[in-house]
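Structural characterization, general
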Amino acid sequence: MRTLPDLPDGPPVQLRAVQRHQLRPGPRRRSYKATADGQPVGSSFFGQSSFGTHALVSERDLAKVPEWVAPDDEYLLGPLGCGVQTGAGAILNVLRPGPTDSLVISGTGAVGLSGLLAAAAAGVGTIIAVDIIPERLALARDLGATHVIDGNEEDQVEQIHDLTGGGATHAFDTTGVAPVLTRLVDGLAWGGNLGIVGAAPGMTLDLLPVMQLGRRVQGIVEGNSVPRVFIPQLLELRRQGRFPLEKLVTTYPFAELEQAIAATNAGEAVKAVLVH
């Protein structure tokens, strides 16, 4: 039986200060990392500055990279701090499906496929990927999905029930699309768990199917992880050959920023990484 690196015990991390300190730029922030003439410099959105050659970060936000990480692999470190730990953490830290469980992942972008890699590393018995891009579904199979479903098909709920023998024990949504969430709830078994990492203001979800069958819907932020603990764990899984993150990443010179954005929007690149 394959084992995972030791994960934190107890309740998942509550990121109560994330909105206040990381996501809200401007006067709502209580402090700034840099000032000039008493005025804040930059908004430091999400605690960092995208596209910069240098960055100021809080010491508590740093994750130490193991010494055995090769310089040629350093391009993989950037995605770990956001999308990768969000997807992998949702599976390993929050939902925690096991070998006898079934998991449906809706959306096979960087977050969804990171969750899929984590599920495969954990030995989840049935992993179903749902998307509308055929190439992404093919990649999902290559990364460990046992089944794939075309998100354009009308009978997705029926397919989930057929593939899982009556409903999935776990589901993970990365789309933030209300009809998709509704289908995932309907595809859950009695007592099944749905984790979500995105939602739009004013979005609604019918809670009657949740209540009647004892299902649960849980919001997840950044994989509910402690980055300085979880990121080295993901790197260790990759060193063992069980978390092939490199299959998700495409690098672009910084001068090709527009091409990287276009490739991402077209679904050609899962996780575009700019290199200087």
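Scroll up to find the structure this text is about.
The sections below set out a description of the structure shown in this document. Just so we're clear, the structure is a prediction, and the values are computed from it rather than from any experiment.

Take the packing of helix H3 (residues 110-121) against helix H4 (residues 134-143) next. Remark: H3 packs on H4, axes separated minimally by 10 Å, with the N-to-C direction vectors making an angle of 25 degrees. Relative to H4, H3 is oriented roughly parallel. Once H3 is placed against H4, the crossing between them reads as right-handed. Along its contact with H3, which presents Leu113, Leu116, Leu117 and Ala120, the element H4 presents Leu139, Ala140 and Leu143.

In this structure, Leu103, Leu113, Leu116, Leu234, Phe243 and Leu245 are the most contacted members of the largest nonpolar core, which totals 39 residues. At the level of elements, helix H2 (77-95), strand E3 (102-106), H3, strand E4 (126-131), H4 and helix H8 (227-239) are the ones that each hand at least two residues to this core. Per element, the largest residue contribution to this core is eight residues, and it comes from H2. Val130, Leu184, Leu188 and Leu194 belong to the second-largest nonpolar core, a separate cluster that totals 15 residues.

Before going further, it helps to spend a moment on helix H6 (residues 178-187). Inspection of H6 places Val180, Leu181, Leu184, Val185 and Gly187 among the buried residues, and these make up the whole buried set. Buried residues of H6, viewed axially, fall in a sector of 165 degrees; they line one side. For H6, the secondary structure elements touched by its buried residues are E3, helix H5 (156-164), strand E6 (168-173), strand E7 (188-196), helix H7 (208-212) and strand E8 (216-219).

Applying the stated criterion across every chain, the model contains four salt bridges. The salt bridge partner of Asp142 is Lys247, with a shortest N-O separation of 3.7 Å. Taken as a pair, Asp142 in helix H4 and Lys247 in the loop between H8 and strand E9 (249-253) lie far apart in primary sequence, 105 residues in all. The partner of Glu236 in a salt bridge is Arg239, and the shortest N-O contact between them spans 3.1 Å. Separated by three residues within a single helix, Glu236 and Arg239 lie in helix H8, roughly one turn from each other. Looking at Glu236, the relative accessible area reads 21%, which means it is partly exposed. Members of the salt-bridge network, linked through shared partners, are Asp73, Arg238 and Glu246.

A word on the layout of surface pockets. Roughly 230 Å³ of volume is contained in the second largest pocket. If you trace the second largest pocket, you find 13 residues lining it, with Ser106, Val130, Ile132, Thr175 and Val180 closest to the centre. Counting only elements with at least two residues in the lining of the second largest pocket, the list comes to E4, H5 and H6. The leading source of residues in the lining of the second largest pocket is H6, at three residues. A per-class count over the lining of the second largest pocket returns six nonpolar, five polar and two charged.

Before going further, it helps to spend a moment on the environment of Thr250. Its location among the elements puts Thr250 in strand E9. Assessed through its relative accessible area of 31%, Thr250 is described here as partly exposed. Each C-alpha atom, one on Thr250 and one on Ala263, is 9.7 Å from the other, the two residues being 13 residues apart in sequence.

Spatial ordering of the open sheet is given by E5-E4-E3-E6-E7-E8, a layout of six strands whose pairing is parallel. Of all the strands in the sheet, just strand E5 (147-150) and E8 have a single pairing partner and so form its edges. The average undirected angle you get between the axes of adjacent strands in this sheet is 20 degrees. As paired elements, E6 and E7 share five bridges and run parallel to each other.

Before going further, it helps to spend a moment on unusual backbone geometry. In this model, Arg96 sits at a positive phi of 50 degrees, which is unusual for a non-glycine residue. Topologically, Arg96 is positioned in the loop between H2 and E3.

What follows is about a negative patch on the surface. On the surface, Glu153, Glu154, Asp155, Glu158 and Asp162 cluster together into a patch of negative charge. As for its placement among the helices and strands, Glu154 is situated in the loop between E5 and H5.

Parameters and conventions
Residues numbered from 1 in each chain as written. Predicted model: local features only at pLDDT ≥ 70, side-chain atom pairs only at ≥ 80, totals over all residues. Heavy atoms only, no water. Axes fitted to C-alpha atoms, helices over the stretch in contact; angles between N-to-C directions. Helix = DSSP H or I, 4+ residues; strand = E, 2+ residues; numbered from the N terminus. Parallel < 35°, antiparallel > 145°, perpendicular 65-115°, else oblique. Left-handed = near helix turned anticlockwise from the far one by under 90°. Contact = heavy atoms within 4.5 Å. Core = buried A, V, L, I, M, F, W, Y, C linked by side-chain atoms within 4.5 Å. Buried < 20%, exposed > 50% of the residue type's maximum accessible area, 1.4 Å probe, protein only. Arc of directions from axis to C-beta. Salt bridge = Lys/Arg side-chain N within 4 Å of Asp/Glu carboxyl O. 1 Å grid on protein atoms, 1.4 Å probe; cavity = no way out; pocket = protein on both sides within 12 Å on 5 of 7 lines; lining within 4 Å. Points joined across faces, edges and corners; volume = space filled by probe spheres on them. Nonpolar A, V, L, I, M, F, W, Y, C, P; charged D, E, K, R; others polar. Pairing = 2+ DSSP bridges. Patch = residues over 30% accessible without salt bridge, like charges linked within 9 Å, V, L, I, M, F, W, Y side chains within 5 Å. Areas by Shrake-Rupley, 256 points an atom, 1.4 Å probe, with all protein chains shown as cover. Lys, Arg positive; Asp, Glu negative; His and termini not counted. Charge placed at Lys NZ, Arg CZ, Asp CG, Glu CD.

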